[in-house]
Amino acid sequence: GLSYHRNWERAWRSPEPKKEYDVVIVGGGGHGLATAYYLAKEHGIRNVAVLEKGWLGGGNTARNTTIVRSNYLWDEAALLYEKSMSLWEDLSQDLNYNVMFSQRGVLNLAHTLQEVRDTQRRVNANQLNNIDAQFLTPHQVQELVPLINLNSRYPVLGASFQPRGGVARHDAVAWGFARAADHRGVDIIQNCGVTGIRRENGAVSGVDTVKGFIKAKKVAVVVAGNSSVLAEMAGIRLPIESHPLQALVSESIKPIINTVIMSNAVHAYISQSDKGDLVIGAGIDQYTGYGQRGSFHTIEGTLQAIVEMFPVLSRVRMNRQWGGIVDVTPDACPIISKTAVKGLYFNCGWGTGGFKATPGSGWVFAHTVANDTPHSLNAAFSIDRFYTGHLIDEHGAAGVAH
Ligand code: FAD
Ligand code: PYC
């Protein structure tokens, strides 16, 4: 500050794009940057460009509420998210960048008898996969969260708790991966929207961008809410719907909540950031669209639920509200896959829950792109499952209902 911003070191270069790369990654969110980092680190592939139409992490990476957990029901999803969790636990050291990963625990509340049964089933399934899930009674929930009203219109009958879950600092995740990828030779090019995907004889040959054509042996698309738009450029249809998802933060207040509390049933969740703001999120807006905002009634319903669960918050002022566009699949699971076009790969469909997967997603996608074959952890998440019917239904474990 005292140097008037004159002496900051550059965290990454901003080169002009080369004419050709071994791999072009489309999308400079956390997932795209993580993919670039692990391509360089794990597979020695460094002739890589990340093309971002805006600024790094300006999409959902910057717009999400940063909840990290791995308590998914089915083995396929649980193992993938748990891989991500294990990478989170070492990420600040690995990137040499403090991503402020804070394992303050995540609670998923159950408000009906059926939800209690579903929650217990998921906890049992998690324990069989060595995931640190516990079932808490209402009394135990109250001990963890003294301010919660257990007996509101949404009575709390129990909860799952994952102590290793928590939150991280979203910007730092994008910047940490970017800096570490850049150090390994990856070119990061912002303000470089991709406008076309070229193909020759059934194989990808490069991308058209606002900075001209860039030749590429492989193209890996990681653009979250814009996935269908990019797929159309390559003549592919994806089973994806893009919906707005909203969040908001309050003014800063003293520490009052030291864990993460989520309720699928009431479409609301809350944590408190290290700055003191309450970070509150909603369920998705039901309509599809690409506008990064949401409708008023959704956020109003969310705040009604929050105030019922936490009457003490009724007079806290809200500071900012925003929306991102989430890419939702029919089974609430991602697509991390080769496509019918040789050399073209898609990583999308993370919907409302991809932030927690950022390192794991990049790690398995890098493997898939480098070897032209999926890792065992993402083999089940191929696009083929929508033809074979081998869906992995994780609607119950999705953070917010959709
Ligand atoms: P993004 O960060 O969106 O990156 C995609 C990038 O592609 C963008 O930067 C975009 O500009 C770029 N792009 C698009 N089109 C082009 C183009 N033509 N050319 C070049 N670049 C292009 N997940 C959790 O796990 N926990 C949470 O608590 C959570 N909360 C959420 C709350 C909200 C309000 C929202 C919106 C999402 C939330 N999510 C959460 C979901 C999570 O944010 C996403 O799943 C995840 O961030 C997706 O990461 P990404 O890197 O793929 O996407
Ligand atoms: O997937 O845990 C999650 C989540 C929380 C808020 C939005 N998504």
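The rules behind the values
Residues numbered from 1 in each chain as written. Chains lettered and ligands numbered in written order. Predicted model: local features only at pLDDT ≥ 70, side-chain atom pairs only at ≥ 80, totals over all residues. Heavy atoms only, no water. Near = heavy atom within 4 Å. Polar contact = N/O pair within 3.5 Å; in protein donor to acceptor, adjacent residues only side chain to side chain. Areas by Shrake-Rupley, 256 points an atom, 1.4 Å probe, with all protein chains shown as cover. Nonpolar A, V, L, I, M, F, W, Y, C, P; charged D, E, K, R; others polar. Helix = DSSP H or I, 4+ residues; strand = E, 2+ residues; numbered from the N terminus. Buried < 20%, exposed > 50% of the residue type's maximum accessible area, 1.4 Å probe, protein only. Contact = heavy atoms within 4.5 Å. Salt bridge = Lys/Arg side-chain N within 4 Å of Asp/Glu carboxyl O. Phe/Tyr/Trp six-rings, centres within 6.5 Å; stacked < 30°, edge-to-face > 60°. Pairing = 2+ DSSP bridges.

Peer 1: What is the right way to look at the site of ligand 2 in this model?
Peer 2: Around ligand 2, the structure places Thr65, Ile67, Arg69, Met262, Tyr269, Thr352, Gly353, Lys356 and Gly399. Contact distances for ligand 2 include 2.7 Å between an oxygen atom and a side-chain N or O atom of arginine 69. Here lysine 356 contributes a side-chain N or O atom positioned 2.5 Å from an oxygen atom of ligand 2. Compared with its free state, where it exposes 240 Å², ligand 2 has 96% of that area covered by protein. Counted by class, the shell around ligand 2 contains three nonpolar, four polar and two charged residues.

Peer 1: Would you mind going over the side chain of glutamine 272 with me for this structure?
Peer 2: Along the chain, glutamine 272 falls in strand 14 (residues 268-272). According to the relative accessible area criterion, glutamine 272 is buried, its value standing at 3%. A distance of 3.0 Å separates a polar atom in the side chain of glutamine 272 from the backbone oxygen of lysine 254. Of note is the side chain of glutamine 272, whose polar atom sits 2.7 Å from the backbone nitrogen of isoleucine 256. With sequence-adjacent residues up to four places away left out, glutamine 272 is seen in contact with Arg104, Ile253, Lys254, Pro255, Ile256, Ile257, Asp277 and Leu278.

Peer 1: What exactly am I supposed to notice about the pattern of salt bridges here?
Peer 2: Pairs may arise between side chains of opposite charge once their charged atoms sit close together. Taken as a whole, this structure holds 17 salt bridges when the rule is applied. In this structure, arginine 13 engages aspartate 187 in a salt bridge whose closest nitrogen and oxygen atoms are separated by 3.1 Å. Here arginine 13, found in the segment before strand 1 (20-26), pairs with aspartate 187, found in strand 8 (residues 187-189); they are 174 residues apart in sequence, far enough to count as distant. The exposure class of aspartate 187 is buried, given its relative accessible area of 6%. Among the salt bridges present, the one from arginine 164 reaches aspartate 132, with a minimum N-O distance of 3.0 Å. One end of the pair, arginine 164, is in the loop between strand 6 (158-162) and strand 7 (166-167); the other, aspartate 132, is in the loop between helix 5 (113-128) and strand 5 (134-136), and 32 residues separate them in sequence. On the accessibility criterion, aspartate 132 (19% relative accessible area) is buried.

Peer 1: What is the right way to read unusual backbone geometry from this model?
Peer 2: Residues apart from glycine generally show negative phi values, whereas peptide bonds are mostly found in trans. You will see that histidine 5, though not glycine, has its phi angle at about 60 degrees, which is positive. For asparagine 201, which is not glycine, the phi dihedral falls at a positive 50 degrees. Note that asparagine 201 resides in the loop between strand 9 (194-200) and strand 10 (203-209).

Peer 1: How do you make sense of the packing of aromatic side chains when you look at a structure like this?
Peer 2: Given two aromatic rings, one states the distance between the centres and the angle between the planes to describe the pair. Summed over the entire model, instances satisfying the criterion amount to seven aromatic pairs. Considering the side-chain rings of tyrosine 38 and phenylalanine 177, the 5.8 Å spacing of their centres and the 65 degrees angle between planes classify their relative orientation as edge-to-face. On the criterion of sequence distance, the pair formed by tyrosine 38 in helix 1 (residues 30-43) and phenylalanine 177 in helix 7 (residues 170-183) is long-range, its members being 139 residues apart. Of the two residues, tyrosine 38 and phenylalanine 177, neither departs from the other in class, the shared state being buried. Their ring planes at 5 degrees and their centres at 3.9 Å tell us that tyrosine 72 and tyrosine 81 sit as a pair that is stacked.

Peer 1: How should the environment of arginine 179 be read in this particular structure?
Peer 2: Topologically, arginine 179 is positioned in helix 7. Of the residues examined, arginine 179 reaches a relative accessible area of 21% and is grouped as partly exposed. Put simply, arginine 179 and threonine 65 are 114 residues apart on the chain and 22 Å apart in space, counted from C-alpha to C-alpha. Not counting chain neighbours up to four residues away, the residues in contact with arginine 179 comprise Ala11, Trp12, Leu95, Asn96 and Tyr97.

Peer 1: Explain the pairing of strand 4 (residues 106-110) here, please?
Peer 2: Remark: a regular strand shows side chains that alternate across the two faces of the sheet. Most of strand 4 sits inside the fold, with five of its five residues counted as buried. Here strand 4 shows two buried faces, one formed by Val106, Asn108 and Ala110 and the other by Leu107 and Leu109. Judged from the three bridges that link them, strand 4 and strand 13 (residues 260-263) form a sheet pairing that is parallel. Its bridge partner being in strand 13, valine 106 is matched across the sheet by valine 260.

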